[in-house]
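An overview of the molecular structure
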Amino acid sequence: MNSFLKKRHDIFENLFILELANNHWGSLERGLKIIRDHATVIRYNNVKAAIKLQFRDVEEFVHKDFKGNQDIRYIKKTEDTKLTKADFARMVAEIRKLAAIPMATPFDERSVDLCVEFGMPIIKIASSDIADWPLIERIAKTKLPVIASTGGASEKNLDDMVSFFEKRNIPLALNHCVSLYPSEDDDLELNQIDYLRQRYPDHVIGFSTHEYHSWDASMFISYAKGARSWERHIDIDYQGVPVSPYCSLPEQVDAWFKAYHKAKEMCGGSDSERRICSAKEITYLDALVRGVYARHALPAGHVITNENFGRDFYLAVPLQKGQLSCREIMNGESLTHDLHPDQALTIHHIDGPYAENPTLRKLIEDRGA
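Residues numbered from 1 in each chain as written. Predicted model: local features only at pLDDT ≥ 70, side-chain atom pairs only at ≥ 80, totals over all residues. Heavy atoms only, no water.

Turning next to the nonpolar core. Of all hydrophobic cores here, the largest spans 83 residues; its most connected members are Phe16, Phe55, Phe165, Trp230, Trp256, Phe257 and Leu345. Excluding its chain neighbours within four sequence positions, the residues that come into contact with phenylalanine 257 are Phe16, Leu18, Val41, Ile42, Asn45 and Val47. One finds Phe12, Ile17, Ala50 and Ile147 within the second-largest nonpolar core, a separate group that totals 10 residues. (Core = buried A, V, L, I, M, F, W, Y, C linked by side-chain atoms within 4.5 Å. Buried < 20%, exposed > 50% of the residue type's maximum accessible area, 1.4 Å probe, protein only. Contact = heavy atoms within 4.5 Å.)

What follows concerns the pattern of salt bridges. Applying the stated rule across the entire model yields 23 salt bridges. One salt bridge in this structure joins lysine 52 and glutamate 19, with 2.2 Å as the shortest N-O distance. Of the two residues, lysine 52 is situated in strand β2 (residues 48-55) and glutamate 19 in strand β1 (residues 15-21); the sequence distance between them amounts to 33 residues. Assigned by exposure class, lysine 52 and glutamate 19 land together as buried. Of the charged contacts, one joins lysine 52 and glutamate 231 as a salt bridge, the two residues approaching to 3.2 Å between their closest N and O atoms. Here lysine 52, found in strand β2, pairs with glutamate 231, found in strand β8 (residues 229-234); they are 179 residues apart in sequence, far enough to count as distant. Each member of the pair lysine 52 and glutamate 231 is classed as buried. Three or more residues joined by partner-sharing salt bridges are found here, namely Glu19, Lys52, Lys124 and Glu231. (Salt bridge = Lys/Arg side-chain N within 4 Å of Asp/Glu carboxyl O. Helix = DSSP H or I, 4+ residues; strand = E, 2+ residues; numbered from the N terminus.)

In this model, the second largest pocket occupies a volume close to 520 Å³. Lining the second largest pocket are 25 residues, and of these Gln54, Arg56, Phe107, Tyr181 and His233 sit closest to its centre. In terms of residue count, the dominant contributor to the lining of the second largest pocket is helix α4 (residues 73-80) (4 residues). Here the residues of the lining of the second largest pocket are counted per class, giving 7 nonpolar, 11 polar and 7 charged. (1 Å grid on protein atoms, 1.4 Å probe; cavity = no way out; pocket = protein on both sides within 12 Å on 5 of 7 lines; lining within 4 Å. Points joined across faces, edges and corners; volume = space filled by probe spheres on them. Nonpolar A, V, L, I, M, F, W, Y, C, P; charged D, E, K, R; others polar.)

Okay, a nonpolar patch on the surface next. Where nonpolar side chains cluster on the molecular surface, the patch consists of Phe66, Ile72 and Tyr74 and spans about 270 Å² of accessible area. Residue placement: tyrosine 74 occurs in helix α4. (Patch = residues over 30% accessible without salt bridge, like charges linked within 9 Å, V, L, I, M, F, W, Y side chains within 5 Å. Areas by Shrake-Rupley, 256 points an atom, 1.4 Å probe, with all protein chains shown as cover.)

Of the two faces of strand β5 (residues 146-149), the one carrying Val146 and Ala148 and the one carrying Ile147 and Ser149 are both buried. Strand direction decides the pairing type here: strand β4 (residues 123-125) and β5, joined by 3 bridges, are parallel. From the neighbouring strand, isoleucine 125 faces β5, where its bridge partner is alanine 148. Since β4 and β5 lie parallel, the crossover through helix α7 (residues 133-141) that links them has a hand, and here it is right-handed. (Pairing = 2+ DSSP bridges. Right-handed = clockwise from strand over helix to strand, strands pointing away.)

Another point: the environment of glycine 26. Locating glycine 26 in the fold gives a position in the loop between β1 and α2 (28-45). By relative accessible area, glycine 26 is classed as partly exposed at 28%. Through-space distance from the C-alpha of glycine 26 to that of lysine 82 is 5.2 Å; in sequence the pair is 56 residues apart. Look past the residues within four positions of glycine 26 in its chain and what remains in contact with it is Asp80, Thr81, Lys82 and Leu83.

Our next topic: the packing of α7 against helix α8 (residues 155-167). It is at 11 Å that the axes of α7 and α8 come closest, and there the two elements cross at 25°. As judged from the angle between their axes, α7 and α8 are roughly parallel. α8 is crossed by α7, and the crossing has right-handed handedness. Residue-level inspection shows Trp133, Ile136, Glu137 and Ala140 of α7 in contact with α8, the latter providing Asp160, Met161, Phe164 and Phe165. Of the residues in the contact of α7 with α8, the class split is 6 nonpolar, no polar and 2 charged. (Axes fitted to C-alpha atoms, helices over the stretch in contact; angles between N-to-C directions. Parallel < 35°, antiparallel > 145°, perpendicular 65-115°, else oblique. Left-handed = near helix turned anticlockwise from the far one by under 90°.)

Here is the structure:
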């Protein structure tokens, strides 16, 4: 592989893909809430992650004779979760603003064009489209890096796809995937990671998973086997909408990311990437990190923004138990309680998933002097 192509393949290395799917249920508000809650977890865990949408040109994707059909589940869900182009543009902008990578799975040719219009750096091919050559050829015309899930694909399907993208010098990663929703532990077939790495040694191999019993066991195994990208569906417990068992909530994604860091630690360092800092070293450095303090009285409901942060807050040591540090302030968080001058801004003073969820909140409460 030439150096230019290798550099383009690097975009896949140690990449997490958080699949929003249609869990927004056609609601822009809900979609933005999913994005924001998971982006907070991404930032806290310092991982490279994409938040992925699904694009369909619903007017043409569903045959005119079947529009409004309530008996075919796929058609009903497609129509029920439809968003406008402007809604998707807003979600893509939010993903970028929160320092995640925007991605999409296009299910038709017009949706590929939408990926280009939105400037997506990577395009995903779903398992269901592994042999949809009109779609694959349209995707290849973009020359963008591609990740393909392999659920249900034959060896011939995979060989054809790999050969197709190699001949066009388009970076391609393959995700081992079992298309069962949800997947039981004995469905996972993790040895397929070995098979894919041996058969396609010039490509990054990942693991797209739908299991729901554990958020660490398959990470440990897949990382040790050489998987270097991972994908899960995500959702939030919000407004009483049921969460599918194959979807991960923010606290579960947090556990998943931490399992990744633990897997890297257990597998040892490398001479080709930055070392993993020990917990002892991190604890020592945490004592030197500046905490956030109020410059003057601030009322509950005050919104913290990049523009007003320096006016309303200052940074100083020590970092106290439960206090937010210079590394965790997110644009758009709101105060839930009044703050007095020189008072520490703690996890109990703001909204967001780390304040609302006991498991995530304890991570901040246990840190500091």
